[in-house]
Amino acid sequence: MALAQAGIGTDILGIRREDLPPGLADEVHALLPRMDLGYALSDAIVAQAKAKPHKASPMTFPGALLRHHLPYGAHPDWYDLLASAGWGDKPVGAAARRRAETPEQVGTMFMEYLEAGDIEGLVSLYEPNAIFVPTPGTHLVGTAPIRKGLQQLIDTGARLKLELRDIRQVDDVALVSNTATLTGVGPDPVVSTTTEILRRQPDGGWAHVVDDPFFI
């Protein structure tokens, strides 16, 4: 069994492929073409899981693959199982922070957190590799730069009013546009039309992938 697992790990995921004798893989693949083996096997597992869901329970490898091919929420994840366990457990620590249950709530929470000076709350509304454009031509990428940019907004005493213009949502991705009025950063209000791409997170909340108030 261990030998089979080691061989499959190398064949599918390339684990320790550097330990193979030079040229061996090329010789084998010349006789037995891979035929995109890794993806073909994954597709076969998903097809069988769709046909027989009892073979793809949530905490199994087939279940994890199946989840990627179904609409968000159609297949329970770990947190869904905890919520339905019946023990009444609640999130603790960082996970206990209020989350945006809908794309529209992201803007509402942003305004609340900015007014409260809650930098951790603001940062929680962005994915780790998100893009934030605080001023035209300034692209902040990733948590640390975004945190710094948001802290500067807090330090200036900025206030933001967001009015929803339109929204388009497909499964766990949403395109949102707001009319944004920013005050406190200069003598006159700054009015812009935002372009925001939001994505539903593993915990069910929504967060920015792209937040650009100046995209034209």
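Values in this document were obtained by computation on a predicted structure and should not be read as measured data. (Residues numbered from 1 in each chain as written. Predicted model: local features only at pLDDT ≥ 70, side-chain atom pairs only at ≥ 80, totals over all residues. Heavy atoms only, no water.)

What should I look at first to understand empty space enclosed by the protein in this one?
In this approach, a probe sized like a water molecule rolls over the atoms, and the result shows the empty space that is left. Counted by the stated rule, this structure contains 1 cavity of 30 Å³ or more. Taken as a whole, the largest cavity spans an internal volume of roughly 220 Å³. Going through the elements one at a time, helix H6 (103-116), strand S3 (159-170), strand S4 (173-183), strand S5 (190-193) and strand S7 (206-212) are the ones with two or more residues in the lining of the largest cavity. The element contributing the most residues to the lining of the largest cavity is H6, with 3 residues. (1 Å grid on protein atoms, 1.4 Å probe; cavity = no way out; pocket = protein on both sides within 12 Å on 5 of 7 lines; lining within 4 Å. Points joined across faces, edges and corners; volume = space filled by probe spheres on them. Helix = DSSP H or I, 4+ residues; strand = E, 2+ residues; numbered from the N terminus.)

Would you mind going over the pairing of S5 with me for this structure?
It is a general feature of regular strands that their side chains alternate between the two faces of the sheet. Judged from the 4 bridges that link them, S4 and S5 form a sheet pairing that is antiparallel. The partner of Ala 180 across the bridge, within S5, is Ser 192. Hairpin connection from S4 to S5: 6 residues lie between these consecutive antiparallel strands, with Gly 184 at a positive phi of about 95 degrees. (Pairing = 2+ DSSP bridges.)

What is the right way to read the side chain of His 75 from this model?
Residue position: His 75 is located in the loop between helix H4 (61-67) and helix H5 (78-83). Looking at His 75, the relative accessible area reads 12%, which means it is buried. Of note is the side chain of His 75, whose polar atom sits 3.2 Å from the backbone oxygen of Ala 56. For His 75, the residues in contact, after removing those within four places along its chain, are Ala 56, Ser 57, Pro 58, Gly 63, Leu 66, Arg 67, Leu 70 and Asp 80. (Buried < 20%, exposed > 50% of the residue type's maximum accessible area, 1.4 Å probe, protein only. Polar contact = N/O pair within 3.5 Å; in protein donor to acceptor, adjacent residues only side chain to side chain. Contact = heavy atoms within 4.5 Å.)

It is not clear to me how H6 should be interpreted in this structure. Could you clarify?
In an α-helix there are 3.6 residues to a turn, and that puts residues three or four apart on one side. With 14 residues, H6 should reach 20 Å at 1.5 Å per residue; the first-to-last C-alpha distance of 21 Å fits that figure. When we look at burial in H6, the residues that qualify are Pro 103, Val 106, Gly 107, Met 109, Phe 110, Tyr 113 and Leu 114. Down the axis of H6, the buried set is contained in an arc of 170 degrees. They therefore lie on one face. In this structure, H6 carries Glu 115 and Ala 116 as exposed residues pointing more than 90 degrees from its buried face. (Expected span 1.5 Å × (residues − 1). Arc of directions from axis to C-beta.)

Sorry if this is basic, but what is going on with the side chain of His 208 here?
Relative to the helices and strands, His 208 resides in strand S7. In this structure the side chain of His 208 is engaged in a polar contact, spanning 2.8 Å, whose partner is the side chain of Glu 196. If we skip the residues at most four places from it in the chain, His 208 touches Val 106, Leu 125, Tyr 126, Glu 127, Ala 130, Glu 196, Ile 197 and Leu 198.

Could you clarify how one ought to interpret the pattern of salt bridges in this entry?
Proximity of charged atoms lets side chains of opposite charge pair with each other. Taken as a whole, this structure holds 7 salt bridges when the rule is applied. For the salt bridge of Arg 34 with Asp 11, the shortest nitrogen-to-oxygen distance reads 3.0 Å. Remark: Asp 11 occurs in helix H1 (residues 2-13) and Arg 34 occurs in the loop between helix H2 (24-31) and helix H3 (37-51); sequence separation between them is 23 residues. In this structure, the salt-bridge partner of Arg 98 is Glu 112, at a minimum N-O distance of 2.6 Å. With Arg 98 in the loop between H5 and H6 and Glu 112 in helix H6, the pair connects residues that are 14 residues apart, well separated along the chain. With a relative accessible area of 47%, Arg 98 lands in the partly exposed category. (Salt bridge = Lys/Arg side-chain N within 4 Å of Asp/Glu carboxyl O.)

Please clarify how a nonpolar patch on the surface should be interpreted in this entry.
On the surface, Leu 20, Leu 24, Val 28, Leu 31 and Leu 32 cluster together into a nonpolar patch covering about 470 Å² of accessible area. The topology assignment puts Val 28 in helix H2. (Patch = residues over 30% accessible without salt bridge, like charges linked within 9 Å, V, L, I, M, F, W, Y side chains within 5 Å. Areas by Shrake-Rupley, 256 points an atom, 1.4 Å probe, with all protein chains shown as cover.)

When you look at the nonpolar core in this model, what are you seeing that I'm missing?
Here is a general trend for soluble globular proteins: nonpolar side chains tend to be buried in one another's company. If you look at the biggest cluster of nonpolar residues, it comprises 24 residues, and the most contacted ones within it are Phe 110, Leu 122, Tyr 126, Phe 132, Ile 146, Leu 150 and Leu 153. Going through the elements one at a time, H6, helix H7 (119-123), strand S1 (126-132), helix H8 (143-156) and S4 are the ones with two or more residues in this core. The dominant element in this core, judged by the number of residues it contributes, is H6, at 5 residues. Among all residues touching Ile 146, those that are not within four sequence positions of it are Tyr 126, Ala 130, Ile 131, Phe 132 and Leu 140. (Core = buried A, V, L, I, M, F, W, Y, C linked by side-chain atoms within 4.5 Å.)

Looking at this model, I keep getting lost on the confidence of the model for the protein chain. Mind explaining?
Should the pLDDT be low somewhere, the predicted coordinates at that spot are not to be read in detail. Chain-level pLDDT for the protein chain is 91 on average; 98% of the residues reach the 70-or-more range. Within the protein chain, H5 has the poorest average pLDDT of any element, 82, and strand S2 (residues 140-141) the best, 98. (pLDDT = per-residue confidence, 0-100.)

Can you help me understand the layout of surface pockets in this one?
The calculated volume of the largest pocket comes to roughly 1400 Å³. As for the largest pocket, its lining consists of 44 residues, of which Tyr 79, Arg 99, Pro 202, Asp 203 and Gly 204 are closest to the centre. Elements that contribute at least two residues to the lining of the largest pocket include exactly H4, H5, S1 and S7. At 4 residues, the largest contribution of residues to the lining of the largest pocket is made by H5. A breakdown of the residues in the lining of the largest pocket according to their chemical character gives 24 nonpolar, 7 polar and 13 charged. (Nonpolar A, V, L, I, M, F, W, Y, C, P; charged D, E, K, R; others polar.)

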